[in-house]
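The chain contents come next:
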Number of protein chains: 2
Amino acid sequence: MPTPPYRQIAAELRHRITTGELAPGDRVPSENAIVSEYGVAAETARKALGVLAAEGLTEARRGSGTRVRAFRPILRRGTKRLAQSGWGEGRSIWEFDLDGRPLRADRVTVEPDAPSPAHVAVALGLAVGDPVCIRDRRYLVDDEPVMLATSYLPTALVVGSPITQPDTGPGGTYARLAELGCAPVHFREVVRSRMPLPEEAEALALGVGTPVVLIVRYAYAAEGLPVEVNEMVLDASRYLMEWEFPA
Amino acid sequence: MPTPPYRQIAAELRHRITTGELAPGDRVPSENAIVSEYGVAAETARKALGVLAAEGLTEARRGSGTRVRAFRPILRRGTKRLAQSGWGEGRSIWEFDLDGRPLRADRVTVEPDAPSPAHVAVALGLAVGDPVCIRDRRYLVDDEPVMLATSYLPTALVVGSPITQPDTGPGGTYARLAELGCAPVHFREVVRSRMPLPEEAEALALGVGTPVVLIVRYAYAAEGLPVEVNEMVLDASRYLMEWEFPA
DNA sequence: TAGTGGTCTAGACCACGAA
DNA sequence: TCGTGGTCTAGACCACTAA
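Here we take up the pairing of strand β6 (residues 144-154) of chain B. Residues and elements named next belong to chain B. Within β6, 10 of the 11 residues are buried, leaving the element largely enclosed by the surrounding structure. Note: strand β5 (residues 131-141) against β6, 10 bridges, orientation antiparallel. Across the sheet, R138 pairs through a bridge with L148, a residue of β6. The turn linking β5 back onto β6 is made up of 2 residues, and D142 within it adopts a positive phi angle of 55°. Sheet topology places β6 next to strand β9 (residues 226-235); 6 bridges connect them, and they run antiparallel. Bridged to S151 within β9 is N230.

Below, the discussion takes up the relation of the copies chain A and chain B. Each of the two copies of the chain can be brought onto the other by a rotation about an axis and a shift along it. Taken as rigid bodies, chain A and chain B are interconverted by a rotation of 180° and an axial shift of 0.0 Å, the fit giving an RMSD of 0.1 Å. In symmetry terms, the pair is related by a two-fold rotation axis. Most of the interface of chain A is mirrored in chain B, where 100% of its interface residues again form contacts.

Okay, the protein's contact with DNA strand C next. Surrounding DNA strand C, one finds 25 residues, the nearest of these being E31(A), E43(A), P5(B), Y6(B) and T44(B). For DNA strand C, the backbone makes up 73% of the atoms found within 4 Å of the protein, where backbone means sugar plus phosphate. Take T66(A): an N or O atom from its side chain is 3.3 Å from a phosphate oxygen of DNA strand C. Within the backbone of P5(B), an N or O atom sits 2.8 Å from a phosphate oxygen of DNA strand C. Elements that contribute at least two residues to the surface near DNA strand C include exactly α2 (31-38) and α3 (42-54) of chain A together with α1 (5-18) and α3 (42-54) of chain B. Its residues assigned to classes, the surface near DNA strand C shows 6 nonpolar, 9 polar and 10 charged.

Here the focus is the protein's contact with DNA strand D. Close contacts around DNA strand D come from 25 residues, with P5(A), Y6(A), T44(A), N32(B) and E43(B) the closest. The sugar and phosphate moieties of DNA strand D supply 73% of its atoms located within 4 Å of the protein. Here a phosphate oxygen of DNA strand D sits 3.4 Å away from a polar atom, N or O, in the side chain of K47(A). At a separation of 3.2 Å, a phosphate oxygen of DNA strand D approaches a polar side-chain atom of S30(B). If you list the elements that add at least two residues to the surface near DNA strand D, you get α1 (5-18) and α3 of chain A together with α2 (31-38) and α3 of chain B. Of the residues contributing to the surface near DNA strand D, the split by class is 6 nonpolar, 9 polar and 10 charged.

On to the side chain of S193(B). Mapping S193(B) onto the fold places it in strand β7 (residues 186-194). A polar side-chain atom of S193(B) sits 2.7 Å from a polar atom in the side chain of S193(A). Of note is the side chain of S193(B), whose polar atom sits 3.2 Å from the backbone oxygen of V212(B).

Before going further, it helps to examine the packing of aromatic side chains. Under the definition given, this model contains 5 aromatic pairs over all chains. A ring pair is formed by F187(A) and F245(B), whose centres lie 5.6 Å apart and whose planes are at 35°; its orientation type is tilted. Residue F187(A) is located in strand β7 (residues 186-194), and its partner F245(B) is located in strand β10 (residues 239-246); the two belong to separate chains. The buried category is assigned to F187(A), whose relative accessible area is 2%. Aromatic side chains Y174(B) and F187(B) sit 5.5 Å apart centroid to centroid with 40° between the ring planes, which places their arrangement in the tilted category. Residue Y174(B) is located in helix α6 (residues 172-179), and its partner F187(B) is located in strand β7; the two are separated by 13 residues in the primary sequence. Taking relative accessible area as the criterion, Y174(B) reaches 23% and is therefore assigned partly exposed. Members of the aromatic cluster, each reached through a chain of ring pairs, are Y174(A), F187(A) and F245(B).

Calculation notes
Residues numbered from 1 in each chain as written. Chains lettered and ligands numbered in written order. Predicted model: local features only at pLDDT ≥ 70, side-chain atom pairs only at ≥ 80, totals over all residues. Heavy atoms only, no water. Buried < 20%, exposed > 50% of the residue type's maximum accessible area, 1.4 Å probe, protein only. Helix = DSSP H or I, 4+ residues; strand = E, 2+ residues; numbered from the N terminus. Pairing = 2+ DSSP bridges. Least-squares fit on C-alpha atoms with pLDDT ≥ 70 in both. Contact = heavy atoms within 4.5 Å. Near = heavy atom within 4 Å. Polar contact = N/O pair within 3.5 Å; in protein donor to acceptor, adjacent residues only side chain to side chain. Nonpolar A, V, L, I, M, F, W, Y, C, P; charged D, E, K, R; others polar. Phe/Tyr/Trp six-rings, centres within 6.5 Å; stacked < 30°, edge-to-face > 60°.

Here is the structure:
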């Protein structure tokens, strides 16, 4: 079982990328170039390039060409409050953009009184179908979509507050929850990663070979009362996530 | 620009998977079945199935068939110490196996006195090339590989201790660091996700369409002294990660 | 308009698994 | 042995981009 040609070609090109011979933005050999250089059929050349694309290393554009992709993430700090200096903050093995640029919200929809899905009801301590307020939006940085988010809050808790409006006002949802006497005091974030569904790929304008990171944040008020479930879908090629905690 | 046939076929099959009509473990229509059912060429049928595989929804095995994949993660608690009851622990929108099964180490190698790579040197507050102890291993659950890990510790700190041996003894590296007067008191974890490199896919026996999660853990002793950098590579289809923190 | 990537076909041969 | 997925070819047509 020798390595098939398309994998050998992919390996050669990958080597040129990982060693930096082909830098981000550089054009990778075209299908035609591979056909003539390696003496293979067009479909075989395509398949070789397809391997790199599926690995997230390259991005093809019809009419233009195939280019090496860059990883230019923004930093998401999970535990902002603990991030005092002294812990080598900012020192990472990866380069990242400072999170100075604002997240702009987009496609904001609010359903103040929707039946709770089963998995949300359990997390919020409700019965399945109990009313919840569902806040849906997309976040953009430099007009490029980077994250989708869907929040669920008990309708019984937030009815009548700006939380049921598209604009929650200064300080956002958590400030309003505090005014309602339910300020979050504890957070739990559960994270996984997978390849995107077509809708997610479309909404985030993901290139092929780009996974998404799913973060589900559970916010608790005093006495362990759950007040919010926030399901986030992040473009994995745009995010670096950080959590800090004591031993 | 109508949707090409192979995408339409993929969408139909995907729908049957996401609705549960095709459950994890079930066989998906074979290439031949798709050819005769949709009246397309074999390569087109292959491409349709390839879409689902790239999305991580299915897994093909030569001679056998293509089956729907399952997501059976194990839970990794980042902040174990904070995990007191009352915060709805264990209540997640995803099912997961309890982390009662032990992680077994595999392919353990130790280099007690290696030159530090640039990115590690910066994080550890060393000069590039200063000696570090590099501990490399693979972790398995039920004899299946789930994570790769590479630790870097300053050689000047750990020379002569069991940390430079394959077996670090009871309590592991952190217990030994404590005995050296450098007990970690603070952790920082930086996370990203991407598609695996071929070596990673091989070492973790990853199916196509399976991303990896990269966690870099920085451990600090008192006064912010960095004592360890641990680069982990997790099979995204086997892990759920959790972090908890106060507001 | 020339070059690029995207889709599709019809046919071939191979490697592997299960019956 | 037969059905499965994996690879490859030679050729065709299309859609898009840039010069």
